[in-house]
Amino acid sequence: MVEVTDLAIAFGETRAVDGLSFSLAPGAALGVVGESGSGKSASAYALLGLHRGTGAQVEGSVRVAGTDVQNASDAELRRLRGGVAAMVFQDPLSSLDPYYAIGDQIAEVYRVHRGGSRRAARARAVEVLDRVGIPDAARKARSRPHEFSGGMRQRALIAMALACEPKLLIADEPTTALDVTVQAQILDLLHGLRQETGMGLLLVTHDVGVAAESVDDVLVMRQGRAVERGPVRDVLGAPKAAYTKELLSAVPRLDVAKPAASAAGEPLLEARDLRKVFGRGKSAFTAVDGVSLTVRRGETLGVVGESGSGKTTLGRMLVGLLDTTSGTIRRDGTAVQMVFQDPVASLNPRRSIGESVADPLRASGVRDDKRIRARVGELLERVGLDPDRYDRYPHEFSGGQRQRVGIARALAAEPQLIVCDEPVSALDVTTQAHVTELLAELQRELGLGLVFIAHDLAVVRQVSDRVAVMRRGRIVEEGAVDEVYGSPEDPYTRQLLAAVPTVDPVLAAVRRAARKELREQLREQNRDEVAVA
């Protein structure tokens, strides 16, 4: 199905892929894993000739379903894309047209490759949306992308890819920005579709656990080259390359807890019966409903839950970025800062990172530029960045480095409590490990209290002393991290734990079956709640 020989891709002087060779048999599944910048996505794009016309220099041989991609005409590439091989991109919101209904976009793809009437194309759109698990597909097909959740948008992209029954599906980081339960649903969906249709799958991911859940073979990439290739059980169970071992050691695990720390100190923040309602009347939506919690000096409280569970709204209320509808927050003079999920969005692209870090200092009344520059240099050094990069701009830093800048900015105000909102969700596993180690080190040095908001339960297990599980704006379970993870009482907590990817392919299959059973239990619970209401 796929035959790649000596593939090399360069962007100007940067060599993104260097001498890559691999093959994929019909109906097989290959996972391409590695850190950000390893050349994974660039290699996947080359399979469909997506570098053509971009200025990228592509060398080597790429054949997909008998088509010589490098030498194919534009018409041949159009027939290949969507009809024979289809791609699911990382960010569905930027891949879907915001102005057109989801069903119309899928129907357009079908008509381009298969022809037929508009009615037949719309019927096919509804059929594939139903196939990927979109409820009430006929009605939802008339919705626009912003009306879908992140998981539903990703399902819609998969439906679009399936519209013409391709022989190969290329999925580029299809679960990166999704919470663990939606991620598990997408992986289960891909597994089921492979069984039903016999299509091949090339899965690009930085998450080794995602690869273990979904593929037969694994190709590990580093700096544009393949460092290891083989059956998923062999590569992940007994890796030979030092880099593969390093990747596996950085994967957060449910059986690894935070090292024992000294007893937590006095309360830094106490919240009681917090409630936040957006909108009025019939359009009113309760994002947080009756949440109470306490955070002490030197401890980390993990807050976990799916997207839309109210985690971020709660975090913003704790910091004071959002007013509460009702309830009280007692800080007693505690200085609170926030580290945001997306450092690209939270850093001004037109200002140097040094000036961004200096903002809290200027806001507190410091006016001496030499003093500000010296203090910012200390903060950058403390988070592991070179102070000489004060005048560099955000786009000149990697994702992990930008997150370090965000942490330095939070520290500038000398807080006693930092609320971290999904600080590592978009980072690869090694960068995740570096950022969480930095936060733990700062906590030990400064006695900080941390609220660590995340959808990844394995990461939360490694950084937290206590954990609160949120669902639909409420805390459904709270306690010491060992108790909640070791003996979860709520079915929702058990579902979250069952959704965490594992690097063991055999255990992954067992968990897939367990997830199916738990989803049935939650459906029963939801029906009971509706009946009571």
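Rules of the game
- Residue numbers restart at each chain and count upward from 1, following the sequence in its written direction.
- Confidence filtering applies because this is a predicted model: local features only for residues at pLDDT of at least 70, side-chain atom pairs given and counted only at 80 or more, and all residues used for totals across whole chains, interfaces and linings.
- To get the side-chain values, take all heavy atoms of the structure and skip hydrogens and water.
- By salt bridge we mean one thing: a side-chain nitrogen of Lys or Arg within 4 Å of a carboxyl oxygen of Asp or Glu.
- Burial status follows relative accessibility: with a 1.4 Å probe on protein chains alone, a residue under 20% of its type maximum counts as buried, one over 50% as exposed, and anything between as partly exposed.
- Counting from the N terminus, the helices are DSSP H or I runs at least four residues long and the strands are E runs at least two residues long.
- When DSSP locates at least two bridges between a pair of strands, those strands are taken to pair.
- To obtain an axis, a line is fitted to C-alpha atoms, over the contacting stretch when the element is a helix, and the angle between two such axes runs from 0 to 180 degrees between their N-to-C directions.
- By definition in these notes, contact holds between two residues if any of their heavy atoms fall within 4.5 Å.
- Two rings belonging to Phe, Tyr or Trp (six-membered ring only in the last case) form a pair when the distance between their centres is within 6.5 Å. Interplanar angles under 30 degrees mark stacking, angles over 60 mark edge-to-face geometry, and anything in between is tilted.
- Charge over a ring is defined by NZ of Lys or CZ of Arg lying within 6 Å of the ring centre and within 35 degrees of the ring normal.

Draft legend 1. Inspection of the pattern of salt bridges at higher detail. Counted under the stated rule, the structure contains 28 salt bridges. Between R272 and E270 there is a salt bridge whose closest N-O contact spans 3.6 Å. For R272, a relative accessible area of 36% translates into the label partly exposed. A residue is classified by how much of its surface remains accessible, and E270, at 24% relative accessible area, is partly exposed. As a salt-bridge pair, R373 and D391 come within 2.8 Å of each other at their nearest N and O atoms. Here R373, found in helix 15 (residues 369-382), pairs with D391, found in the loop between helix 15 and helix 16 (399-412); they are 18 residues apart in sequence, far enough to count as distant. Looking at R373, the relative accessible area reads 41%, which means it is partly exposed.

Draft legend 2. Local environment of the sheet that holds strand 11 (residues 267-278). Sheet architecture is open: three strands sit in the order 12-11-14, paired in antiparallel fashion. Strand pairing shows two members of the sheet lacking a second neighbour, strand 12 (285-296) and strand 14 (326-330), which therefore form its edges. Each strand axis lies, on average, 10 degrees off the axis of its neighbour in the sheet, ignoring direction. Bridge count for strand 11 against strand 12 is nine bridges, and the pairing is antiparallel. Along strand 12, the bridge assignment pairs L274 with V291.

Draft legend 3. Examining the environment of A480 more closely. Within the secondary structure, A480 sits in strand 19 (residues 474-480). With 179 residues separating them in the primary sequence, A480 and L301 have C-alpha atoms 9.3 Å apart. The contacts of A480, once residues within four sequence positions are left out, are D465 and R466.

Draft legend 4. Fine view of the sheet that holds strand 7 (residues 168-172). Read across the open sheet, the six strands follow the order 6-7-8-3-9-10; overall the sheet is mixed. With partners counted over all chains shown, the strands left at the sheet margins are strand 6 (85-88) and strand 10 (225-231), one partner each. Across the sheet, the mean angle from the axis of one strand to that of its neighbour is 15 degrees, orientation sign disregarded. With five bridges connecting them, strand 7 and strand 8 (residues 200-205) associate as parallel partners.

Draft legend 5. Region of the structure containing the packing of aromatic side chains. Counted according to the given criterion, the structure contains one aromatic pair. Taking 6.0 Å as the distance between ring centres and 65 degrees as the angle between the ring planes, the aromatic pair formed by Y45 and F89 counts as edge-to-face. With a gap of 44 residues between them, Y45 in helix 1 (residues 40-47) and F89 in the loop between strand 6 and helix 3 (92-95) connect regions that are remote in the sequence. You can call F89 partly exposed: its relative accessible area is 29%. Taking NZ or CZ as reference, K276 lies 5.4 Å from the ring centre of F278, over its face. Above the face of the Y390 ring, R373 is positioned so that its terminal group lies 4.0 Å from the ring centre.

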